[in-house]
Each structure stands twice: as C-alpha cells, then as structure tokens.
Amino acid sequence: MKKKTIIGLIVTGVIVIFAVAILFDCFYTVAENEFACVFRFSKMIDITDEAGLHFKAPFVDEVRSFPDTVMLYNVPQSEVLTADQKSMTVDSYLIWRITDPLLFYQTLGTISEAETRLDALTYNSLKNLMGTLKQDDIINEEAVTARKDIYAGITTDVAKNAAVYGISVIDVKIKRFDLPEANEQAVYERMISDRERIAAEYTANGEYQASLIKNEVDKKVNIIISDAEAEAAKIEAEGEAEYMRILAEAYDTEDKRDFYEFIKALEALEASLTGNEKTVVLGPDSALGRILINSVGK
Amino acid sequence: MNTRSYVDKTKKRPNIVGLIFLAIGLIFLFTLIGTCWYTVDEQETAVVTTFGRVTATNGAGIHFKIPFGIQKVKTVETNVYQKIEIGYATKEDGTYTSVESESKMITGDYNIVNVDFFVQYKISDPVKYLYNSANPDMILKNLVQSQIRSVIGSTNVDSVLTDGKTEIQIKVKDLITEILANYDIGLILTDVTIQDSEPPTETVTAAFKAVETAKQGAEKAINNAEAYQNAQIPAAQAKADSLKKNAEYLKQNRINEAVKAVAKFNAMYNEYVNNPDITRIRMYYETISKVLPDVKLYIITTNEKGVETLLPLDNFANNSGINNSGTNNKNTGEVAQ
C-alpha cells in the first residue's frame, strides 16, 4: 500500500510534468522585433512577424527566430583606387533588414554569414563606382547633393545584389573618405604652402590698399595746396587790380599824369644808377653834357 | 514505546514539512508580489510587453504587471538628452581625449582638418527605439559621422576653420534629421555643434596663424595709411588757409600801398602845381646829384674831322673844376664837393 502510493505519486508527478511540458511547448511568444519561423520536421511551415502568443504543435514543431528589425553593419575600412589611380580609404556602414526569412535562412542562415556577404557586396560596389570617378569628382566644394547621388548609387547597387538573400539594404553611407596616411604629409605641405601664398597675398594687398590711401591723401593734399595757391593768387591779383585802379584814378588829369611820369622817370634813373662801377655816356648836347664840356673840355 | 515513538514521529513530521511548505509558499508569495509591480523614473518611459507584444507605455510612478514573465517591462530614458561625441571622448574625470580617426577629415579644397562635433538627441518614440532597430544609438552615430564628412567635404577649409561653422552645423543637422526620419528608429536630433575645428598638425597650425598675422599686418598698414590721411589732410587745409590769409594780407597791403602812393603823390602834386617848372628842375638835379658820385661818366664829343670820340671823365668826386654857372640849382654845388 505504501509502495503503491509512492509509485502512484511519482507517476502522477511525471504525468503532470509531462503534461505541463506539452502545454508549454504548445505556445511560443514572438517579440516586436523578430520573425518567428515554425519548422516541422525541418521544413518551414509558418512565418509570422506578429508579436504576441502563438500556438504550435508540441515536440514536432521547432521555432527559430530572426531579427525583424533594422540592423547596422559597420563595413570594415578598405582602400579603393579612383579612376585617376589615386588610392583612398573608405569607411562605410550599411543599414539592412531581413525581408524574407525563408530565403534568408535558405541562402545564408546566420547574421554573421549575411554580414560577410554584405561586406563583399559593398566593397565591390564601392570599388566599381570609385573606379569610374576621379578624385576631383569625389572631393570638391560642390553641393552636398551631388555626392549624395553618387552614394545613392551604391545603395541601389548593393540592394539589388542583396535581394537574392532575402535582405533589404536600406542605406549605404560613407562614414570616412580620406586620403591614405602616406599621402597626408604631402597634403600638409601643400596646405602650408597654400597658407604662405595667402599670407603673402594679404600682406601685398594690405600694402597696396595702404598705398592707395596714401596716394589719394597726397593727391588731395596737393590739390588743396594748389587750390589754395590759385585762390591766393586770385586774391593777390584783386589787390593788384585795386592798386592799379586807385593809382589810375589818382592821375586823372594831363598835368597829374605828366608829373607822375616825371617822378617815375627820376625814380628809374636813380634805380638804374645806384651802386658801384656804373658808367654813363652823355651826349654833347644833353643838359648835363653841355655843362660838363664847358667846365672840362674848353 | 513503539506507539509513543510513532505518535511522536507523526506529530513532528507534518510540522517540518509544513514549515518547509510555508517557507516555500512565503518566498513564492514575496516573489510574486515583488514581480507584480515596477516603478518608472521621471527620466524614463516604460514599455510593457505581454507575451512579447507591446501592450502599454507608462510614464513615471508605480505600475502593476502580470508576473511569471507574461508581462515584461523595459524602461527607456525618453526625457534625457543623449549625447554623441565625435572626434573626442570625455573621460570620467572630466578630461578629454581626442579621437583623431573620427575628427580628421578632408575638406572640399583638399585640406585636412580636425573637427570635433557634439551631438544631442532624444528618444522620441520608445517603442520604435526598442524594436525598429538593433542598435539605434550606433546607427545615429554612424549617420552623424557620414553627414559631417559629407558637409565638410563640400566646404572649403577657411569656412570650416572660421566663419562657416554655423552654416555647417545647420546643414549637418538638416541632413541627419531628414535621413533619421527615413530610418524611423525612434530618435530625434536636437542639436549639432562644432566643438572645435583646427588644422591637423603644429606646423600647419603655425602656417594658418601666419595668415592671421599677415591679415593683422595688412590691417595695420591700412590703419597707418588712414592715420596718415587723418594727419595730412588737416595739415594741408591749415596750410591752404594760411596761404589764403597771407594772400588776403598781401591784397590789403597792395591796396594800402596804392593808397599811400596816391596820398604822397597828391601831396607832392599839390605843391608842384604852385610852381611846376622850378620844382621839376629841382627834383631832376636832386636825383642826378644823388646818383652821379658813384658813376663813371663819358661824354661824346665831335672833333674837327667829324669823328666821335669818348671823353672820359674821372669820378666827379675827384673833380673840383665843376662850374656851377648855367644852373640855378643850389644843389649842384653839393655835387662838386
């Protein structure tokens, strides 16, 4: 009796555990960010991306989940050659998601396998595209949109090739696009020489501007002086005119003019004979000559 | 003894089993109570899933949930401004380390610059943040890096280092915002700022500084020229004024000369008209006698053959034989002396 009870309890316990196990194996949950694929004897019989509680046949059905979410893949940095045989370092990333879990499982199976393929696809696409572009086409000061179009081409290309894996490539973006480190020193040297040229330009231009100002100042100064001299001369001329007018007015009669002429003649005589070593030749008939001949010659 | 011991045993056993069951039951109960509720901080929003499906989002406070893993709760810092540092990293002690692989980039005019960015963002949709992508924060960081390089790659080095920063920030923000909306990963960008932008090496930095020095030098030269202008123009104006004033003086002086001359003449004339002839003779000889002492005289004479000869006369001052007959001028005598 005792033994039977114990065995009975054990059997009941096993059955209960078994039943609970079956019960639990009838359900599976699906998260918001996953696909759940139900495999029955290794064949996929159901796919759902509906989050929540789902039913399945216990034991025979196996559930595998795949991410139903946008994933980031950091493409390892690589070197590519441009059309003009210049080497450039490209670092890019890729945004992708699984769109067809069955196809994805059939063709790749795992995320890491998918990343290997995406890496290869991206590298190829980048290499091909860069091979058609010159370095100047890639590095320039034109609008961002021009480069955006170039990179959109890579996304389209990779997306097209990844479709066979049940993968949708949402975006491929270049994170870094740089000159290889070996070229950097040359760039630095060019930057320095550029700066030296610009500095020289600033200096020369400053001096040029300064001399323009100075020349303009000198011109203005000279004009101011010249104008002033002209005006001064005019003023002086007015004085002269006034001088002449006043004098002319003073000698208004024949007698006055006659007397004035006489005064001026005397003044002129005096002025011309002032000083040493002057010589005067007198005619014999001049008033003074007559006097002198009479006193000396005869 | 046997019966007693049996009784003892039956009495004791249920007690121990009962205690164990009670203990298990209590632990179970506490665990149940403990997993029936959760709290949400003011910084966060809680996303509740029931069997994996999102059924609720809750704000700050205490909330209840179904235990045994039927309902699960994830909290997301929706109110906190998240940050991304590009080109540098803040250490715990507040100091920075630069991350050159992130900051070093090429400009549109083939210059290399180091630019550090600081980006702020928020989780705008906690459900999308949790489920639409595997690693939304890293996606945003990568996107930021790509758009920064895209914009810097379209800008010339002078703009990046000096006056183009605001424009770059705006461009980067606009581009990221647009793409982020397409990604739909529950994030919203709030701010993009350039923390620092500088040339890559010390020697290059020195060259850039030399340009600044040259700029200053040019400005100094222009300032000096303007100072020259400010000094020279008033000086010239002063000189011009002086010239004019002097001319006005000369004008007035000349007029006064005329006035003086006329006054003198009139005075002389008024006396002259009283006896014109004698005054004329007097004035004539006064003048002659004033000038003749210093003069050598020659007189042209004509001899019998009709040849003109020059008769030299020594200085009048040495001649005493001058006769003062023939003149009525009393001053002639003075000449002879």
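In this text, all values refer to a predicted model and were calculated from it rather than measured experimentally.

**Student:** How would you sum up the overall build of chain B? Please name residues and give values.
**Tutor:** What chain B contains, in helices and strands, is nine helices and 13 strands. Within the span of chain B, comprising 337 residues, buried residues form 26% of the whole. Across chain B, every contact between residues at least 6 apart in sequence was considered, and the portion connecting residues at least 24 apart equals 63%.

**Student:** Tell me about the overall build of chain A, residues and numbers included.
**Tutor:** Along chain A, the regular secondary structure elements total eight helices and nine strands. The proportion of buried residues among the 298 residues of chain A is 22%.

**Student:** Requested: an account of the sheet that holds strand 8 (residues 167-178) of chain A, with residues and values cited.
**Tutor:** All names here are of chain A. Read across the open sheet, the three strands follow the order 6-7-8; overall the sheet is antiparallel. Two strands lie at the open edges of the sheet, namely strand 6 (71-81) and strand 8, each paired on one side alone. With direction set aside, neighbouring strand axes in the sheet form an average angle of 25 degrees. Against the sheet, helix 3 (residues 111-132) engages strand 6, strand 7 (87-98) and strand 8, with an angle of about 40 degrees to strand 6.

**Student:** Break down the packing of helix 6 (residues 181-250) of chain A against helix 7 (residues 202-272) of chain B for me, with residues and values.
**Tutor:** Helix 7 of chain B packs onto helix 6 of chain A with a crossing angle of 5 degrees between their chain directions and a minimal axis gap of 8 Å. By the angle class used here, helix 6 of chain A and helix 7 of chain B are roughly parallel. Classifying every residue of the contact of helix 6 of chain A with helix 7 of chain B gives 42 nonpolar, 14 polar and 21 charged.

**Student:** Outline the interface of chain A and chain B, listing residues and values.
**Tutor:** Each side of the interface is counted separately: chain A has 95 residues, and chain B has 102 residues. The element that contributes the greatest number of residues to the side of chain A that touches chain B is helix 6 of chain A, accounting for 38 residues. Partitioned by chemical class, the residues of the side of chain A that touches chain B number 51 nonpolar, 19 polar and 25 charged.

**Student:** Describe the sheet that holds strand 3 (residues 53-58) of chain B, listing the residues and the values that go with them.
**Tutor:** All names here are of chain B. Strand order across the open sheet formed by three strands is 3-2-5, with antiparallel pairing between neighbours. Looking at which strands have only one partner, the edges of the open sheet turn out to be strand 3 and strand 5 (71-76). On average, each strand axis in the sheet is inclined to that of its neighbour by 25 degrees, with strand direction left out of account. Of the strand pairs in this sheet, strand 2 (residues 45-50) and strand 3 are connected by five bridges, and their pairing is antiparallel. Pairing of Thr 49 across the sheet is with Val 54, part of strand 3.

**Student:** Which residues make up helix 6 of chain A, and what values go with them?
**Tutor:** Since the α-helix turns once every 3.6 residues, residues separated by three or four places project in the same direction. Between its terminal C-alpha atoms helix 6 of chain A stretches 102 Å, which fits the 104 Å expected from 70 residues at 1.5 Å a residue. Those residues of helix 6 of chain A that fall on the buried side of the exposure criterion are Met191(A), Arg195(A), Ala199(A), Tyr202(A), Gly206(A), Ala210(A), Ile224(A), Ala228(A), Ala232(A), Ile235(A), Gly239(A) and Tyr243(A). Buried residues in helix 6 of chain A make contact with helix 7 of chain B.

**Student:** Could you give me a rundown of the environment of Gln43(B), with the residues and numbers involved?
**Tutor:** Residue and element names in this part refer to chain B. For Gln 43, the location among the structural elements is in the loop between strand 1 (37-40) and strand 2. C-alpha of Gln 43 to C-alpha of Thr 78: the two residues are 35 residues apart in sequence and 6.4 Å apart in space. The residues contacting Gln 43, other than those within four sequence positions of it, are Glu 77, Asn 79 and Val 80.

**Student:** Which residues make up the packing of helix 4 (residues 136-152) of chain B against helix 6 (residues 165-183) of chain B, and what are the values?
**Tutor:** Between two packed helices, the angle of one axis relative to the other and the distance separating the axes together describe the packing. Residues and elements named next belong to chain B. Viewed as axis vectors pointing N to C, helix 4 and helix 6 meet at an angle of 140 degrees, and their least axial separation amounts to 9 Å. By the angle class used here, helix 4 and helix 6 are oblique. Considering the relative orientation of helix 4 and helix 6, their crossing is right-handed. Contacts from Ile 139, Leu 140, Leu 143, Val 144, Gln 147, Ile 148, Ser 150, Val 151 and Ile 152 of helix 4 reach helix 6 at Ile 168, Lys 171, Val 172, Leu 175, Ile 176, Ile 179, Leu 180 and Tyr 183.

**Student:** I'd like a rundown of the environment of Ser150(B), residues and numbers included.
**Tutor:** All names here are of chain B. Turning to its location among the elements, Ser 150 is positioned in helix 4. The buried category is assigned to Ser 150, around which 23 C-beta atoms lie within 10 Å. Note: C-alpha distance between Ser 150 and Thr 107 (43 residues apart in sequence) is 9.1 Å.

**Student:** Please give an account of the environment of Asn132(B) that cites residues and values.
**Tutor:** With respect to the secondary-structure elements, Asn132(B) resides in the loop between helix 3 (126-131) and helix 4. Each C-alpha atom, one on Asn132(B) and one on Asp184(B), is 7.3 Å from the other, the two residues being 52 residues apart in sequence. Sequence-distant contacts of Asn132(B), that is, excluding residues within four places in its chain, are made with Thr69(A), Val70(A), Asp184(B), Ile185(B) and Gly186(B).

**Student:** Quick rundown of the nonpolar core? Include the residues and the values.
**Tutor:** In terms of nonpolar packing, the biggest core is built from 73 residues, with Tyr73(A), Leu94(A), Trp96(A) and Ile167(A) touching the most fellow members. The contacts of Tyr73(A), once residues within four sequence positions are left out, are Tyr93(A), Leu94(A), Trp96(A), Glu115(A) and Leu118(A).

**Student:** Give a description of unusual backbone geometry that names residues and reports values.
**Tutor:** Residue and element names in this part refer to chain A. A positive phi angle, near 65 degrees, is found at Phe 59, a position not held by glycine. Here Phe 59 shows up in the loop between strand 4 (52-55) and strand 5 (61-67). Its identity as a non-glycine residue notwithstanding, Gln 85 has a phi of 60 degrees, on the positive side. Checked against the element boundaries, Gln 85 lands in the loop between strand 6 and strand 7.

**Student:** Which residues make up the confidence of the model for chain B, and what values go with them?
**Tutor:** Residue and element names in this part refer to chain B. On average, chain B scores 82 in pLDDT, and the residues at 70 or more come to 85%. Between the elements of chain B, mean pLDDT differs from a low of 35, seen in helix 9 (residues 332-336), to a high of 93, seen in strand 10 (residues 112-123). Below pLDDT 50 for its whole length, residues 1-5 participates in zero contacts with residues either more than four positions away or in separate chains. Note that residues 316-337 has pLDDT below 50 and, in this model, 30 contacts with residues that lie over four places away or in other chains. On the interface metric, ipTM, the complex scores 0.72, and its pTM is 0.70.

Definitions and limits used
- Residues numbered from 1 in each chain as written.
- Chains lettered and ligands numbered in written order.
- Predicted model: local features only at pLDDT ≥ 70, side-chain atom pairs only at ≥ 80, totals over all residues.
- Helix = DSSP H or I, 4+ residues; strand = E, 2+ residues; numbered from the N terminus.
- Buried ≥ 20, exposed ≤ 12 C-beta atoms within 10 Å, placed from the backbone.
- Contact = placed C-beta atoms within 7 Å.
- Pairing = 2+ DSSP bridges.
- Axes fitted to C-alpha atoms, helices over the stretch in contact; angles between N-to-C directions.
- Parallel < 35°, antiparallel > 145°, perpendicular 65-115°, else oblique.
- Nonpolar A, V, L, I, M, F, W, Y, C, P; charged D, E, K, R; others polar.
- Expected span 1.5 Å × (residues − 1).
- Left-handed = near helix turned anticlockwise from the far one by under 90°.
- Core = buried A, V, L, I, M, F, W, Y, C linked by C-beta atoms within 7 Å.
- pLDDT = per-residue confidence, 0-100.

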